[in-house]
Number of protein chains: 2
Amino acid sequence: MPSALILIADGTEEMEFTITYDTLVRAGVKTVSAYVVEFASSNVGKGSNPPPAKCSRGMKILPDVFFDLSACGPDVYDLIVIPGGAQGAETMSNHPSVQEVIKRYIERNKLVAMICAGSYQIITSSGVHIFTPIQGSLAAKTAVLARQPLTSHPSVKAQLEHDFEYSEESVVVSDNLVTSRGPGTAFPFALTLVELLCGPEKRAEIRVPMVFPPNTPF
Amino acid sequence: MPSALILIADGTEEMEFTITYDTLVRAGVKTVSAYVVEFASSNVGKGSNPPPAKCSRGMKILPDVFFDLSACGPDVYDLIVIPGGAQGAETMSNHPSVQEVIKRYIERNKLVAMICAGSYQIITSSGVHIFTPIQGSLAAKTAVLARQPLTSHPSVKAQLEHDFEYSEESVVVSDNLVTSRGPGTAFPFALTLVELLCGPEKRAEIRVPMVFPPNTPF
């Protein structure tokens, strides 16, 4: 049975997280969510039960486990997913262990999937710095990904097109890196992950009872 | 500010719940989730903090409040949403207070929205009774809705077409009753609710940053 780890933090985009989690489970993928605490926080994975993640639109989702580098590596899972949501993605991008784990998945040729949620701006304490949620893409840069095709939320195209072969496709598969654009592309993103882990037949099989509208382009 | 109540129970379909909740919040709708306990349960809304709802694919979502007939009526909210998921919908359908509250929304001409998740079958204790998740539709029948257009998951069409004008549209609006088909129609369902509560301009405004693929038919 293939397995997947989905990161979650306070501020994660709940639709991107949920659509990916649920769709993977429908395909029979063993799916685990791991809560990433702020790196500067004193609450660094204390205890065995993580608190509810307060998501970007106020939903509270209870993660399965705390994120832990030693238990979340590519020896345990076939896929790691980084959902969007500005604050959550910032927490993940700033966490050295998340950067390290992404590097390990890439090196071990396991799947790394990143989806970028919105066009929100965070005014940071450093002044009027505009933080745009390049999310997965930020993590991608810190993990020193090679120049390759990827996509992101349109609002941060300018920050990525210099270092990567920027695409406007809804889902971009580049070797073991899978990137996508926002909540509206979360279904084709999740179905692509199912296809990569379980094959095109499984993708087709689970798609039918989800009842997409006629002429849906994925 | 318009307001919406979304019911949730153990077994609720997490994508249908989350897409509706998140999309309504993006439109500025004051959105509250209310946990429905099994009617036979001794844990009938005890205390002020509901437990996490164990959803249909294993996600745990922390509801905002317990469902309570006196606090969840059409005097408080403009819209009530019943998501899918076989077990969750069965719990809601069997709960007299849920039937009563739906009746009150209908009578007060507030919006009632129902989306039907999957094609799961539950073998009940009564033998080999096949429970198909007509979900909202079950509640609709118990709330004695007039014969009118509606839709549901395709798998239960046969159980509804006698009493209603069955439609295969992804979203059906019939006066103040809004019905839909499954997780794949949850986005157009949620966007329709935004349009009904906040107008077509708001629907168009929040749709853009969600980044649907080109040619998405909603």
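Scoring rules and cut-offs
Residues numbered from 1 in each chain as written. Chains lettered and ligands numbered in written order. Predicted model: local features only at pLDDT ≥ 70, side-chain atom pairs only at ≥ 80, totals over all residues. Heavy atoms only, no water. Least-squares fit on C-alpha atoms with pLDDT ≥ 70 in both. Contact = heavy atoms within 4.5 Å. Buried area = accessible area lost by both parts, 1.4 Å probe. Salt bridge = Lys/Arg side-chain N within 4 Å of Asp/Glu carboxyl O. Polar contact = N/O pair within 3.5 Å; in protein donor to acceptor, adjacent residues only side chain to side chain. Helix = DSSP H or I, 4+ residues; strand = E, 2+ residues; numbered from the N terminus. Nonpolar A, V, L, I, M, F, W, Y, C, P; charged D, E, K, R; others polar. pLDDT = per-residue confidence, 0-100. Axes fitted to C-alpha atoms, helices over the stretch in contact; angles between N-to-C directions. Left-handed = near helix turned anticlockwise from the far one by under 90°. Pairing = 2+ DSSP bridges. Buried < 20%, exposed > 50% of the residue type's maximum accessible area, 1.4 Å probe, protein only. Phe/Tyr/Trp six-rings, centres within 6.5 Å; stacked < 30°, edge-to-face > 60°.

**Remarks on the relation of the copies chain A and chain B**
Turning chain A through 180° and shifting it by 0.0 Å along the axis lays it on chain B, with an RMSD of 0.0 Å. A rotation of that kind, with that shift, is consistent with a two-fold axis. Among all C-alpha atoms of chain A, that of Ile61 of chain A lies closest to the rotation axis, at 2.3 Å. Taken as a fraction of all interface residues of chain A, those also at the interface in chain B reach 100%, which identifies the copy contact as same-surface.

**Details of the interface of chain A and chain B**
Contacts between the two partners involve 42 residues from chain A, matched on the other side by 42 residues from chain B. Across the interface of chain A and chain B, roughly 3200 Å² is buried in total on both sides, 67% from carbon and sulfur atoms. If you look at where chain A meets chain B, you find four salt bridges. When the shortest N-O distance is used, the salt bridge between Lys60 of chain B and Asp64 of chain A registers 3.5 Å. Along the contact surface separating chain A from chain B lie nine residue pairs in polar contact (both at pLDDT 80 or more). For the side of chain A that touches chain B, the element with the highest residue contribution is helix H1 (residues 14-26) of chain A, accounting for ten residues. Along the lines of polarity and charge, the residues of the side of chain A that touches chain B split into 23 nonpolar, eleven polar and eight charged.

**Thoughts on the confidence of the model for chain A**
Residues with a pLDDT of 70 or more make up 83% of chain A, whose mean pLDDT is 84. Predicted confidence is poor over residues 117-143 of chain A, with pLDDT under 50, and the contacts of this stretch with residues over four places away or in other chains come to 76 contacts.

**Some thoughts on the packing of H1 of chain A against helix H6 (residues 186-198) of chain A**
Residue and element names in this part refer to chain A. For the pair H1 and H6, the least separation of the axes is 9 Å and the interaxial angle reads 30°. Here H1 and H6 pass one another in a crossing that is right-handed. On the side of H1, the interface is formed by Glu16, Ile19, Thr20, Thr23 and Leu24, while H6 contributes Ala186, Phe187, Phe189, Ala190, Leu191, Leu193, Val194 and Leu197. The class makeup of the residues in the contact of H1 with H6 is ten nonpolar, two polar and one charged.

**Describing the sheet that holds strand S1 (residues 3-8) of chain A**
All names here are of chain A. Taken together, the seven strands give an open sheet; going across it, the order is S5-S2-S1-S6-S7-S13-S12, and neighbouring strands pair in mixed fashion. At either end of the open sheet lies a strand with only one pairing partner, and these are strand S5 (65-66) and strand S12 (171-174). As judged from the four bridges shared by strand S7 (residues 111-115) and strand S13 (residues 177-180), these two strands associate in the parallel manner. Residue pairing in the sheet places Val112 in a bridge with Leu177 of S13. Sheet contacts for H6: strand S6 (79-82), S7, S12 and S13; angle to S7, the most-contacted strand, approximately 175°.

**Quick look at the pattern of salt bridges**
Tallied over the full model, the rule gives 16 salt bridges over all chains. The partner of Arg104 of chain B in a salt bridge is Glu100 of chain B, and the shortest N-O contact between them spans 2.9 Å. One end of the pair is Arg104 of chain B and the other is Glu100 of chain B, both in helix H3 (residues 96-107) and four residues apart, which spans about a single turn. Here Glu205 of chain B and Lys202 of chain B are joined by a salt bridge, their closest N and O atoms 3.4 Å apart. Of this pair, Glu205 of chain B and Lys202 of chain B both sit in helix H7 (residues 200-207), three residues apart, roughly one helical turn. According to the relative accessible area criterion, Lys202 of chain B is partly exposed, its value standing at 24%. One salt-bridge network, held together by shared partners, links Glu13 and Arg57 of chain A together with Asp22 and Arg26 of chain B.

**What about the packing of aromatic side chains?**
The full count for this structure, using the stated rule, is nine aromatic pairs over all chains. Centroid distance Phe212 of chain A to Phe218 of chain A: 5.2 Å. Interplanar angle 80°. Geometry classified as edge-to-face. Here Phe212 of chain A and Phe218 of chain A have matching classes, each one buried. Taking 5.7 Å as the distance between ring centres and 35° as the angle between the ring planes, the aromatic pair formed by Phe17 of chain B and Tyr21 of chain B counts as tilted. Of this pair, Phe17 of chain B and Tyr21 of chain B both sit in helix H1 (residues 14-26), separated by four residues, roughly a single helical turn. Accessibility expressed as a relative area gives 4% for Tyr21 of chain B, which makes it buried. What links up through ring pairs into an aromatic cluster is the set Phe187, Phe212 and Phe218 of chain A together with Phe187, Phe212 and Phe218 of chain B.

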